[in-house]
Amino acid sequence: MKIAVYPGSFDPVTNGHLDIIERGAQLFDKLVVAVAKNPGKEPLFTLEERILMLEKSLSHLSNVEVSYFRGLLVDFARAEQASVILRGLRAMSDFEYEFQMASVNRKIGDIETVFMMTANEYAYLSSSAVKEVASLGGCVKGFVPRHVLEMLIKKYKR
Ligand code: PNS
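As the structure is a computational prediction, the values presented were derived from the model and not from experiment.

A. Fine view of unusual backbone geometry. Across the junction of Asp11 and Pro12, the peptide omega takes the value 0°, indicating a cis bond. Within the secondary structure, Pro12 is located in the loop between strand 1 (3–8) and helix 1 (15–24). The residue Phe10 is not glycine, and still its phi comes out positive at about 50°. Within the secondary structure, Phe10 is located in the loop between strand 1 and helix 1. By relative accessible area, Phe10 is classed as buried at 2%. Even without being a glycine, Gln81 presents a positive backbone phi close to 60°. With respect to the secondary-structure elements, Gln81 resides in the loop between helix 3 (73–79) and strand 4 (84–89). For Gln81, a relative accessible area of 64% translates into the label exposed.

Parameters at a glance
- Residues numbered from 1 in each chain as written.
- Predicted model: local features only at pLDDT ≥ 70, side-chain atom pairs only at ≥ 80, totals over all residues.
- Heavy atoms only, no water.
- Helix = DSSP H or I, 4+ residues; strand = E, 2+ residues; numbered from the N terminus.
- Buried < 20%, exposed > 50% of the residue type's maximum accessible area, 1.4 Å probe, protein only.

It is worth stressing that arrangement in space is one thing and function is another; only the former is reported here.
Below, the structure is given as structure tokens:
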């Protein structure tokens with residue numbers, strides 16, 4: 001059984017993440033979406049909120065599970081018996097960071113990272129951009145699922 005882990009902050013999940021998950025789920029027997037508990041930055045959404053938004057978005061995919069981890073990703077992957085880390089790649093600007101992470105994870109955890117190119121329509125999309133637009137009162141329809149949009153409106157309601 002080929003198991004992959006798709007890790008991230010998911011603060012919040014975007015349509016770009018969901019595109020990678022839907023396509024990734026077709027490549028592996030099981031895909032574990034892993035929300036990082038301590039991503040090093042102060043998240044807008046709590047861990048519970050980020051997990052809930054993912055679960056709501058992914059209930060139609062039977063081989064996808066949502067979980068969370070703290071500490072090293074490679075330790076989580078080992079505990080899940082995953083042999084692959086899945087990451088999405090947008091532009092060249094992602095490359096350096098991703099290259100470093102994949103190299104470190106291979107060195108310390110002996111695990112491969114597989115990259116999928118983000119769909120063209122989401123190449124510009126990031127959780128940070130979504131938060132910035134939403135915080136300034138802009139419309140993020142089309143960037144995130146409807147229920148995430150509602151959560152963003154609630155968070156930024158003044
Ligand atoms: O969505 P993000 O913020 O790009 O995800 C980054 C994440 C959470 C995947 C990365 O920061 C991570 O794996 N953190 C766990 C700590 C770890 O294992 N670090 C070693 C790799 S450099």
